[in-house]
Structures are given as structure tokens and as C-alpha cells.
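Chain by chain, the residues run as shown.
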Amino acid sequence: MADRLDISQRKKDHLALCAGDNVGFREKTSLLEQVELVHDALPEMHLDEIDASVELLGKRLAAPVVIAAMTGGTDEAAAINHDLARAADQLGLGFGLGSQRAMFVRPHTAYTFKVREHAPNVLLLGNLGIVQARGMSTDEIATLCRDTGADALCIHLNPAMEIVQPGGDRDFSRGLDTLRRLVEELHIPVVVKETGCGLSRGVAERVRSVGVEHLDVSGSGGTSWVAVEAHRAVDPDERALADELWDWGIPTAASVLQVQGLGFRGIVATGGLRTGSDVARAVALGATAGGLAAPVLKAHRAGGYDGVVAFLRRVVLTVRSIMLLTGSRTIADLQRAPRVLGPTLARWIPERRG
């Protein structure tokens, strides 16, 4: 019972902290600011000719934008999830659920994750931690997915967050075997997702070797979940460790570069994306779509459902405008658009082997 109560309180704490301003990385950025797109003064097309749609996980999005995973498990989370999913559905974007561990441990909270009645057509991403997935049968996980109508399941990796979290996980063994099992046995695609610390090329190669075809790099530069846990820590040693690791991780732009050329069918870039310009730059680096979380939550806090829709419309308009200004008629064109990388980001380009 204590663990179940802890989960509920943790979800409330996370929402309150992520809506604030003191959980960002202190010195590290996403490095998206080091992506300069080359202006095309003669694009030879009408803005209305721009096709910003993209296929991701078997569904066609109107624009390469996903509302990234945030919450679930409480009454407040239910209201937020319903509004955000409905906004994504209206605009033809993707939507990610928060960790469904709460739904599994506390079945009476399942309603907080069930958004299909509000968003019948949305690309819906389920979410479960790899440690929890390791301890569950495939049938149990499949039931969570069916109950929410998820189109794909994100398996999130978050060792940095867990080791600083009071009562967090400490055993991260058999993760690759768990991914292999789910890829082989689950009825929907598996997306490997970090939670603010990014994915290296080495990790991407390992998960690709077991059949994973989709990633969410979730790099550093936005919300630091280590910082979130630093605020929650009571024990002095836990607080000191969280403070030391506050800025740990691979910047989002660097992570997108790291995972290129490995045969992934879809790459979502989350972590520090705040604007349509950030989405466009992430796509120009090779991402299929960009994910935004904290800015969407803040838009909801400020203006509810209408505020979220207005914010996301601006994001999409900016993406479409940048496509015009780079001479990119399609998302594939934007992925090939000329770009200039700053020196720090350029150092992350993988070395060619052989």
C-alpha cells in the first residue's frame, strides 16, 4: 500500500515541479541552437504547397510534432491527458502517455490514461519503464496497451533518474533481453525512449540489434529529471548525488546525430524543444518528428485546452514557414536541407568506420 501511495504522490510532485522553472539543466543545452539552417531566398513555391505531414509508427501526422509523455495516475493528470490528447487529435499530431506503472500497480487509476474517447484518431504512445517491463509478462504489458488503445509502446530508460530517486530502482540488468522479448511478442511496435539523458550511438546499435525500429532520444537540455528528484530528496546524500548529476546526459541534438544511419524507421527528438524552430532544426538533423512536453504543460496551465491548441498551432506554423524558407516542400526535403553546425555539436557527429 505504501508503494502505491508513493507513486500517487510522486506523480503529483512531478507535475508541480515540471510546471515550474527550477528543474532545467543548469549549464547544458539541447545544442539545437547550434543548428543553423541555410536561408533560401528563392523557394519557388506557395506556402500552401508545403506538405509538413509525416508517417510515424503507422499513422500519418499532419506535422512532425508529438506531445511528449508527461503524466498519469492522478485526477489532475487525467484532466491534463484528456485535454492534451484531444488537442493532438484535433491538429493531427502525436500524443504520449506518462508511465503506465501507476495504472498497473493501482488499477483504479486506469481512467487517467484512457484518452481514446477524447482522441479517437490520435497517434497514441503507451509508456512503461524497462525495469517494470522486465518484471511483467508480455500478456500483462499487452493488456495495458489494449486497455488504452496504444498504437505503440515506449519503453523508457531512466537510470540516472532512478539512482537519485528516493526508493528508486538500482538493478538495470536484463534490459536488452526484455526489449528483445517485447519486440518479438508484443502486438504493437516498441519505441526505446530515454527520459532526458539522451541515447548514444552504442545504445542505439544494441537496441537495433534486437529488432527495435523506433527511438525517442529524449536528450538533455530541457527538464532534468535528476533535478526534479533533487527537489524531492530528503536524505542529504541523495540530494548531494542529485545535485552532482543535475546536468548529466547527451544533448538532444547530439543524440539525434548519434543515432543516424543505423536503419531506424522513426526517430523522435525530445528534450529541450520549446518552439517550432526547435522542431524544424531537429528534423533537419534527421529526426522524424520533434516532441514537446514542458511548454505544452505550461500552455495548459495558462490557457487550458484552448491555450494548448493555440500554442501547438504556432509550433506547426513555424515549422511550415521554416520549410518554405529552406526551400523544403516535404519533410524529406527538410531532412536534406543545407545546414551549418556549431563546433560543439559538430564534435558529436559519429566517426565513419572502415
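All of these numbers come straight from a predicted model, not from anything done at the bench.

Undergrad: Explain the environment of W246 here, please?
TA: In this structure, W246 sits in the loop between α10 (236-244) and α11 (252-258). Residues W246 and R60 lie 186 residues apart in sequence; the distance between their C-alpha atoms is 37 Å. Apart from residues no more than four positions distant in its own chain, W246 is found in contact with N22, G24, F25, R26, S224, V226, A227, A230 and H231. Looking at W246, its side chain comes within polar contact range of the main-chain oxygen of G24, at 2.8 Å.

Undergrad: Before we go on, may I ask you to explain a nonpolar patch on the surface in this structure?
TA: Side chains of I163, F172 and L241 sit close together on the surface and give an oily, nonpolar patch of about 210 Å² of accessible area. According to the relative accessible area criterion, L241 is partly exposed, its value standing at 34%.

Undergrad: In this structure, what is going on with helix α13 (residues 294-325)? I would like to understand it.
TA: Each α-helix turn comprises 3.6 residues. Residues three or four places apart therefore point the same way. Relative to the 46 Å expected for 32 residues at 1.5 Å per residue, α13 spans just 27 Å between its end C-alpha atoms, considerably shorter than the ideal helical length. At G303, α13 is deflected by roughly 135°, the largest bend along its length. Of the residues one or two after α13, G327 is the one with positive phi, at around 70°.

Undergrad: Would you explain the packing of helix α12 (residues 276-284) against α13 in this entry?
TA: Two elements in contact, α12 and α13, have axes separated by 7 Å at closest approach and are oriented at 50°. For the element pair α12 / α13, the angle class is oblique. The two elements α12 and α13 cross, and the hand of that crossing is right-handed. Of α13, the residues touching α12 (which contributes G276, S277, V279 and A280) are V315, T318, V319 and I322. Among the residues making up the contact of α12 with α13, the classes are represented as five nonpolar, three polar and no charged.

Undergrad: What's the story with the nonpolar core in this structure? I'm lost.
TA: For soluble globular proteins, nonpolar side chains are generally found buried alongside one another. Counting residues in each nonpolar core, the largest one holds 102 residues, and the members touching the most others are V65, F95, I141, I155, L215 and L312. Looking at this core, the element that brings in the most residues is α13, giving 14 residues. Excluding its chain neighbours within four sequence positions, the residues that come into contact with V65 are L93, G94, V279, A289, G290, L292, L312, V315 and V316. A160, M161, V228 and A230 belong to the second largest nonpolar core, which has 13 residues in total.

Undergrad: Explanation requested: the packing of aromatic side chains in the structure shown.
TA: If you walk through the whole model with that rule in mind, you get zero aromatic pairs. Here the guanidinium or amino end of R26 rests over the ring plane of W246, the centre of that ring lying 3.7 Å away. When the ring centre of Y305 is taken as origin, the NZ or CZ atom of R86, which lies over that ring, is 3.6 Å away.

Undergrad: Would you mind showing me how to read the sheet that holds strand β4 (residues 65-67) here?
TA: Strand order in the closed barrel formed by eight strands is β4-β5-β6-β7-β8-β9-β10-β11, and the pairing between neighbours is parallel. Each strand axis lies, on average, 25° off the axis of its neighbour in the sheet, ignoring direction. When β4 meets strand β5 (residues 94-96), the two strands line up parallel, connected through two bridges. Following the sheet pairing, I67 is matched in β5 by F95. Where α13 meets the sheet, it contacts β4 and β11 (289-292), and its direction lies at approximately 170° from that of β4.

Undergrad: Where do I start with the pairing of β11 in this structure?
TA: When a strand is regular, its side chains alternate between the sheet's two faces. With burial as the criterion, each face of β11 is covered, one bearing A289 and G291 and the other bearing G290 and L292. Two elements, β4 and β11, share three bridges in a ladder whose sense is parallel. Directly across from I67, in β11, lies its bridge partner L292. The pairing of strand β10 (residues 266-270) with β11 spans three bridges and is parallel. Bridge pairing in β11 links A269 to G290. Each parallel crossover has a hand, and the one from β10 via α12 to β11 is right-handed.

Undergrad: Help me understand unusual backbone geometry, please; the structure alone is not making it clear to me.
TA: Trans peptide bonds make up most of the peptide bonds, and negative phi angles are found at most residues other than glycine. Here E44, not a glycine, exhibits a phi torsion of approximately 55°, which is positive. Checked against the element boundaries, E44 lands in the loop between β1 (35-37) and β2 (54-56). For E44, a relative accessible area of 62% translates into the label exposed. Of note in the backbone geometry, R174 takes a positive phi value of approximately 60° without being a glycine. Looking at the secondary structure, you find R174 in the loop between α6 (159-164) and α7 (175-185).

Undergrad: For this particular structure, what's the right way to read a negative patch on the surface?
TA: Together, D139, E140, E184 and E185 make up a region of like negative charge exposed at the surface. Mapped by element, the contributors of at least two residues to the negative patch are α5 (138-148) and α7. By the element assignment, E185 lies in helix α7.

Undergrad: Would you take a moment to explain the side chain of N127 for this structure?
TA: Of note, N127 is situated in strand β6 (residues 123-129). In this structure N127 comes out as buried when scored by relative accessible area, which is 4%. Polar side-chain contacts of N127 include one of 2.7 Å to the side chain of H156. Excluding anything up to four places from it in sequence, N127 contacts A69, L97, G98, S99, Q100, L153, C154 and H156.

Conventions we followed
- Residues numbered from 1 in each chain as written.
- Predicted model: local features only at pLDDT ≥ 70, side-chain atom pairs only at ≥ 80, totals over all residues.
- Heavy atoms only, no water.
- Helix = DSSP H or I, 4+ residues; strand = E, 2+ residues; numbered from the N terminus.
- Contact = heavy atoms within 4.5 Å.
- Polar contact = N/O pair within 3.5 Å; in protein donor to acceptor, adjacent residues only side chain to side chain.
- Patch = residues over 30% accessible without salt bridge, like charges linked within 9 Å, V, L, I, M, F, W, Y side chains within 5 Å.
- Areas by Shrake-Rupley, 256 points an atom, 1.4 Å probe, with all protein chains shown as cover.
- Salt bridge = Lys/Arg side-chain N within 4 Å of Asp/Glu carboxyl O.
- Buried < 20%, exposed > 50% of the residue type's maximum accessible area, 1.4 Å probe, protein only.
- Expected span 1.5 Å × (residues − 1).
- Bend = angle between axes of the 7 residues up to and from the residue.
- Axes fitted to C-alpha atoms, helices over the stretch in contact; angles between N-to-C directions.
- Parallel < 35°, antiparallel > 145°, perpendicular 65-115°, else oblique.
- Left-handed = near helix turned anticlockwise from the far one by under 90°.
- Nonpolar A, V, L, I, M, F, W, Y, C, P; charged D, E, K, R; others polar.
- Core = buried A, V, L, I, M, F, W, Y, C linked by side-chain atoms within 4.5 Å.
- Phe/Tyr/Trp six-rings, centres within 6.5 Å; stacked < 30°, edge-to-face > 60°.
- Lys NZ or Arg CZ within 6 Å of the ring centre and 35° of its normal.
- Pairing = 2+ DSSP bridges.
- Right-handed = clockwise from strand over helix to strand, strands pointing away.
- Lys, Arg positive; Asp, Glu negative; His and termini not counted.
- Charge placed at Lys NZ, Arg CZ, Asp CG, Glu CD.

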